[in-house]
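# Chain and residue survey
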Amino acid sequence: MVVLGTIDLTKTFKVSGQRPIKVLKGVNFSVYPGEKIAIVGRSGAGKSTLLNILGGLERQSSGTVTRPKNIGFVFQQYHLMPELTVFENVLLPTMSRKMRAFLAPSQSERRAKSLLERVGLAERMHHLPSELSGGEQQRVALARALVTDPEIVLADEPTGNLDAMTGAEILRMLSELSAGSSVPLVMVTHSPEAAAICDRVLTLEDGILK
Ligand SMILES: Nc1ncnc2c1ncn2[C@@H]1O[C@H](COP(=O)(O)OP(=O)(O)OP(=O)(O)O)[C@@H](O)[C@H]1O
Ligand SMILES: [Mg+2]
């Protein structure tokens, strides 16, 4: 059973007065339960564009995407809310009306706490993101991505802003958190170490995934 799939996905950016930029030219892609997939390719190849479309954050120009409703997203720039505490940031994805319909607040809070313990930040729960290091902020972002018990995790260069040691720690955590679970991971990355923890490495080149 396919968890997420695309058929002939294309994306063209039209900027007025400029020639349209064809970024994706027919991407066919299937993700199966438990898979870890790395997407590599040169800067500007369209990796973030593809991941954003897979996650429903951006719209394709043509083609179809079939995706689950509950998706965990990890960004290169962490994207934590600066005025919320670590705990509140992790809880944020459970606050939408959609999520509250099937997640009781007490259940979400327990899960947020347990994830913060697993990423080693239980003691920093009531701190603000600005009081944490980059690696710690990315660990918060990992906990946030997993708090809704997503059906798939999408990560855009999750180690891109970290030094090699901290990046390795985040990778270990990503693979531990998904180890033995059927939740697939799709990760855009420049790092050979990150690609090495994956089962499949796909290259985005000339608008096609190979
Ligand atoms: N909103 C936009 N409007 C116009 N062009 C865009 C827009 N977003 C992205 N692009 C263009 O689409 C192309 C692909 O961008 P994208 O961010 O997907 O690349 P990437 O593979 O993630 O690169 P990097 O490795 O540097 O993060 C680039 O040429 C970029 O300039
Ligand atoms: Mg990118």
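What comes next is a walk through the structure. (Residues numbered from 1 in each chain as written. Chains lettered and ligands numbered in written order. Predicted model: local features only at pLDDT ≥ 70, side-chain atom pairs only at ≥ 80, totals over all residues.)

## Remarks on the overall build of the protein
In terms of helices and strands, the protein carries seven helices and nine strands. What you see for the protein is a C-alpha radius of gyration of 17 Å, in line with the 17 Å of a compact globule of 210 residues. Across its three principal axes, the protein shows a C-alpha extent of roughly 50 × 40 × 40 Å. When burial is assessed residue by residue, the protein has 38% of its 210 residues classed as buried. Partitioning the intrachain contacts of the protein with sequence separation of at least 6 by distance along the chain shows that 73% fall at a separation of at least 24. (Helix = DSSP H or I, 4+ residues; strand = E, 2+ residues; numbered from the N terminus. Rg over C-alpha atoms; globule rule 2.2 N^0.38 Å. Buried ≥ 20, exposed ≤ 12 C-beta atoms within 10 Å, placed from the backbone. Contact = placed C-beta atoms within 7 Å.)

## Describing the site of ligand 1
Every residue near ligand 1 is listed here: Phe 13, Val 15, Ile 21, Val 23, Gly 41, Ser 43, Gly 44, Ala 45, Gly 46, Lys 47, Ser 48 and Thr 49. Counting residues per element, the ones that place at least two in the shell around ligand 1 are β2 (21-31) and α1 (47-54). Among the residues forming the shell around ligand 1, the class breakdown is five nonpolar, six polar and one charged. (Near = placed C-beta within 6 Å. Nonpolar A, V, L, I, M, F, W, Y, C, P; charged D, E, K, R; others polar.)

## Notes on the packing of helix α5 (residues 134-146) against helix α6 (residues 164-178)
The geometry of α5 relative to α6 is characterised by a closest axis approach of 10 Å and an angle of 15 degrees between their N-to-C directions. By the angle between their directions, the pair α5 and α6 is classed as roughly parallel. Two packed elements cross with a definite hand, and for α5 against α6 that hand is right-handed. Across the interface between the two elements, Gly 134, Gly 135, Gln 138, Arg 139, Leu 142 and Leu 146 of α5 pack against Thr 166, Glu 169, Ile 170, Met 173, Leu 174 and Leu 177 of α6. Classifying every residue of the contact of α5 with α6 gives six nonpolar, four polar and two charged. (Axes fitted to C-alpha atoms, helices over the stretch in contact; angles between N-to-C directions. Parallel < 35°, antiparallel > 145°, perpendicular 65-115°, else oblique. Left-handed = near helix turned anticlockwise from the far one by under 90°.)

## Section: helix α4 (residues 105-118)
Given 3.6 residues per turn, any residue in an α-helix points the same way as the ones three and four places further on. With 14 residues, α4 should cover 20 Å at 1.5 Å per step; its first-to-last C-alpha distance of 20 Å lies within 8% of that length. Among the residues of α4, Ser 108, Ala 112, Leu 115 and Leu 116 are the ones counted as buried. Buried residues in α4, looked at end-on, bunch into an arc of 100 degrees, giving them a common side. Away from the buried face of α4 by more than 90 degrees, exposed residues Ser 106, Gln 107, Arg 110 and Ser 114 are located. (Expected span 1.5 Å × (residues − 1). Arc of directions from axis to C-beta.)

## Examining the sheet that holds strand β6 (residues 152-156)
The strand order β5-β6-β7-β3-β8-β9 describes an open sheet built from six strands, whose pairing is mixed. The two strands at the open ends of the sheet, each matched to only one other strand, are β5 (71-74) and β9 (208-209). Packing of α1 onto the sheet brings it into contact with β3 (36-40), β6, β7 (185-188) and β8 (200-205), and relative to β7 it is tilted by some 155 degrees. (Pairing = 2+ DSSP bridges.)

## Focus: the environment of Lys 22
In this fold, Lys 22 is placed in strand β2. In the structure, Lys 22 is positioned 11 residues away from Lys 11 in sequence and 6.2 Å away in space, judged by C-alpha atoms. With residues near it in sequence (within four places) discarded, Lys 22 still touches Thr 12 and Gly 207.

## Describing the sheet that holds strand β1 (residues 4-13)
Through backbone hydrogen bonds, the strands of a sheet pair up, either in parallel or in antiparallel fashion. Within the open sheet, the three strands sit side by side as β2-β1-β4. Their pairing is antiparallel. Strands at the two margins of the open sheet, each flanked by one partner only, are β2 and β4 (62-66). For this sheet, the mean inter-axis angle between neighbouring strands, taken without regard to orientation, is 20 degrees. Pairing of β1 with β4, which is carried by four bridges, proceeds in the antiparallel orientation. Bridge pairing in β4 places Gly 5 opposite Thr 66.

## With respect to α6
Taking 1.5 Å as the rise per residue, α6 with 15 residues should run 21 Å; its terminal C-alpha atoms sit 21 Å apart, in good agreement. Within α6 the residues assigned to the buried category are Gly 167, Ile 170, Leu 171, Leu 174 and Leu 177. Angularly, the buried residues of α6 cover 135 degrees about the axis, an arc narrow enough to put them on a single face. Residues of α6 that are exposed and angled more than 90 degrees away from the buried face: Met 165, Arg 172 and Glu 176. Buried residues belonging to α6 abut α4, α5, β7 and α7 (192-196). After α6 finishes, the residue Gly 180 shows a positive phi value of roughly 70 degrees.

## Side note on the nonpolar core
The nonpolar side chains of soluble globular proteins are, as a tendency, buried together. With 54 residues, the main nonpolar core has Val 90, Leu 116, Leu 142, Ala 143, Leu 154 and Val 186 as its most contacted residues. Ranked by residue count, the leading element in this core is α5, at six residues. (Core = buried A, V, L, I, M, F, W, Y, C linked by C-beta atoms within 7 Å.)

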